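# An overview of the molecular structure
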Amino acid sequence: MNVKEFKLSNRLLACAQEITPLAKIADIGTDHAYIPIWLALKERISHALACDIRIGPLQNAKKNIENFNLSEIIETRLSDGLENISETEADEIIIAGMGGNMITNILEKCSWKNKYQKKFILQPMKYENKLRKYLASNGYEIKSEKAVICSGKIYSVMIVVFTGIPYKISYLQEYTGKITENIDKACEAYIRKQIKNIENLLKGAEAEKNFNEKIKYEALANQLREILKIRM
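Presented here is an overview of the structure given in this document. (Residues numbered from 1 in each chain as written. Predicted model: local features only at pLDDT ≥ 70, side-chain atom pairs only at ≥ 80, totals over all residues. Heavy atoms only, no water.)

### Describing the packing of helix 4 (residues 100-109) against helix 5 (residues 128-137)
- Two elements in contact, helix 4 and helix 5, have axes separated by 8 Å at closest approach and are oriented at 25 degrees. Put simply, helix 4 runs roughly parallel to helix 5. Between helix 4 and helix 5 the crossing geometry is right-handed. Along its contact with helix 4, which presents Gly100, Asn101, Ile103, Thr104, Leu107 and Glu108, the element helix 5 presents Lys130, Leu131, Tyr134 and Leu135.
- Residue classes in the contact of helix 4 with helix 5 are distributed as five nonpolar, three polar and two charged. (Axes fitted to C-alpha atoms, helices over the stretch in contact; angles between N-to-C directions. Helix = DSSP H or I, 4+ residues; strand = E, 2+ residues; numbered from the N terminus. Parallel < 35°, antiparallel > 145°, perpendicular 65-115°, else oblique. Left-handed = near helix turned anticlockwise from the far one by under 90°. Contact = heavy atoms within 4.5 Å. Nonpolar A, V, L, I, M, F, W, Y, C, P; charged D, E, K, R; others polar.)

### Looking at helix 4
- Taken together, the buried positions of helix 4 are Gly100, Ile103, Thr104, Ile106 and Leu107. Axial view of helix 4: buried residues confined to an arc of 160 degrees, hence all on one face.
- On the buried face of helix 4, the contacting elements are strand 1 (23-28), strand 4 (92-98), strand 5 (119-124), helix 5 and strand 6 (140-150). (Buried < 20%, exposed > 50% of the residue type's maximum accessible area, 1.4 Å probe, protein only. Arc of directions from axis to C-beta.)

### Some points on the packing of aromatic side chains
- Across all of its chains, the model carries six aromatic pairs by this definition.
- Ring geometry for Tyr171 and Tyr175: centres 5.5 Å apart, planes at 80 degrees, overall edge-to-face. Here the residue Tyr171 and the residue Tyr175 both occupy positions in helix 6 (residues 171-176), the gap between them amounting to four residues, near one helical turn.
- Residue Tyr171 is classed as partly exposed on the basis of its relative accessible area of 23%.
- By way of ring pairs, the aromatic residues Phe120, Tyr134, Tyr140 and Phe162 are connected into one cluster. (Phe/Tyr/Trp six-rings, centres within 6.5 Å; stacked < 30°, edge-to-face > 60°.)

### Things to note about the pairing of strand 4
- In terms of burial, strand 4 is a largely internal element, six of the seven residues being buried.
- Where strand 1 meets strand 4, four bridges bridge the pair, whose relative direction is parallel. Bridging from a neighbouring strand, Ile28 pairs with Ile95 of strand 4.
- Pairing between strand 4 and strand 5: six bridges, direction parallel. (Pairing = 2+ DSSP bridges.)

### Focus: unusual backbone geometry
- For Glu43, which is not glycine, the phi dihedral falls at a positive 55 degrees.
- If you trace the backbone, Glu43 turns up in the loop between helix 2 (34-41) and strand 2 (45-52).
- Phi at Asn69 takes a positive value of approximately 55 degrees, unusual for a residue other than glycine.
- Position of Asn69 relative to the elements: it lies in the loop between helix 3 (55-67) and strand 3 (74-78).

Following this line, the structure appears as structure tokens:
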């Protein structure tokens, strides 16, 4: 693949576009190092760490980096999340393509996350509600958030900064975050996805005759439907 042919999926592109020009970045769970390569080819970063917990993906990443002659800009690193990265090596951290629970664990285990003002670009594949709740409870401010459609699926991309000030979010906000601040087709698709998820939880509550949970899920589903009515 040549430089002109190198493109990112909508999901990865949405993450890459949030990087501040000429930042030092760490891409956690880099896999093929597609995001660092794209950013380096566009001359948008000064340095990148392409990190993964597995040797196999790192070897693939290294080959891709060498194929584009980017070894001076992009360094591969074997690391369990952020554990093998020092606080001065990256200004901005991308954690994409993992479940919300795994992203939470990575942030929780990072020893320096509370000491330095870092920008996190988070793209959970599922359990966004659990991730948002963790972020709020642990003093991570979600600066902005957007929905992205990729290969027929819908994802969220969160821009997060640690402030150290915990705050509370509503049950609705756990499921929508700040996505509803910018209503577009992707946002509408994201809300519909969340309605479907809540309806499945509602069925489970009904089957278990858990009436408290049933009432909670019914109210949440109705709130989500109201958002669509207002915006359509």
